[in-house]
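Listed below, chain by chain, are the residues.
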There are 2 protein chains.
Amino acid sequence: MDDDALDRIFKALGDPTRRRIIDRLRERPRQSLFEICALSFAQDGATLSRQAITQHLDMLEKAGLVRVEWSGRTKLHTLDAGPLRAAVGQWLQTHL
Amino acid sequence: MDDDALDRIFKALGDPTRRRIIDRLRERPRQSLFEICALSFAQDGATLSRQAITQHLDMLEKAGLVRVEWSGRTKLHTLDAGPLRAAVGQWLQTHL
DNA sequence: AGAATATGCAATAAAATCATTGCATGTCAA
DNA sequence: TTGACATGCAATGATTTTATTGCATATTCT
């Protein structure tokens, strides 16, 4: 876990929209982009465009926090807490 | 600890320069701006201007991660790990 | 095949971040 | 009281982030 990886992970966590996406993916894995958009609107009242959500998901994926799996024409997103654990374990724990 | 506070904390951690400042303040508290600048140069070889460091320290202070104390003409900075613990405790631990 | 569905790609544009430079202010010390 | 020291404030600019819009591609269903 190098410095750039820590950057990506902490930056990914530094946005409330992305934290809520993580919240929901933790409650239920394998959600499609449309499901995430619908829940963002239903639960947060957030009127974000689909592309905005896509870009957030891309960041989460590049940070290694979200894994992707294709099923036909739908892209299923699943939370991977591994990098989160690694980041906390390597960096945060020495500072607490 | 509201959403904005989490934003400030995680964004503060999302920059390598700030993480190294935290590292150093953890090893030794009550460091002045000049000390931090000097060590940034000596240890990292980073040629950051004094103002750049000042702005990073401001962000850390606004995130509640650094406490400040004046001693004459020098401003002493000290790490406060409390908000870090709170953020990890409230948000991260439910996701690990 | 044609229509509806689910997503990707690309070009913006506004706002925030990161770093710099120049000048000003307050404090200590000779 | 002058000079050196430690920091603050403000303006600027480059880069990144955040969100939008429009069009394209691929898959499923009838």
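The shown structure was predicted, so the numbers you read here are calculated from the model rather than taken from an experiment.

**Regarding the sheet that holds strand β3 (residues 74-79) of chain A**
All names here are of chain A. Ordered in space as β1-β3-β2, the three strands form an open sheet in which the pairing is antiparallel. Since the sheet does not close on itself, it has two edges, and those belong to β1 (31-32) and β2 (66-71), each with one partner. Here β2 runs beside β3; their pairing, made up of six bridges, is antiparallel. Across the sheet, S71 pairs through a bridge with T74, a residue of β3.

**A word on the relation of the copies chain A and chain B**
Of the two same-sequence chains, chain A is brought onto chain B (RMSD 0.0 Å, axial shift 0.0 Å) by a rotation of 180°. Such a combination of turn and shift is consistent with a two-fold rotation axis. Looking at chain A, 100% of its interface residues are interface residues in chain B too, so the copies touch through the same face.

**Comments concerning the interface of chain A and chain B**
Contact with chain A, which involves 23 residues of that partner, is made by 23 residues of chain B. Here chain A and chain B share an interface that buries about 2200 Å² over both sides, 62% of which is from carbon and sulfur atoms. Where chain A meets chain B, there are six salt bridges. Two residues, R19(A) and D7(B), come together in a salt bridge whose shortest N-O distance is 2.8 Å. Inspection of the region where chain A meets chain B yields six residue pairs in polar contact (both at pLDDT 80 or more). For the side of chain A that touches chain B, the secondary-structure elements that each account for two or more residues are α1 (3-13), α2 (16-27) and α5 (82-92) of chain A. Looking at the side of chain A that touches chain B, its residues break down into eleven nonpolar, three polar and nine charged.

Each value, and the rule that gives it
- Residues numbered from 1 in each chain as written.
- Chains lettered and ligands numbered in written order.
- Predicted model: local features only at pLDDT ≥ 70, side-chain atom pairs only at ≥ 80, totals over all residues.
- Heavy atoms only, no water.
- Pairing = 2+ DSSP bridges.
- Helix = DSSP H or I, 4+ residues; strand = E, 2+ residues; numbered from the N terminus.
- Least-squares fit on C-alpha atoms with pLDDT ≥ 70 in both.
- Contact = heavy atoms within 4.5 Å.
- Buried area = accessible area lost by both parts, 1.4 Å probe.
- Salt bridge = Lys/Arg side-chain N within 4 Å of Asp/Glu carboxyl O.
- Polar contact = N/O pair within 3.5 Å; in protein donor to acceptor, adjacent residues only side chain to side chain.
- Nonpolar A, V, L, I, M, F, W, Y, C, P; charged D, E, K, R; others polar.

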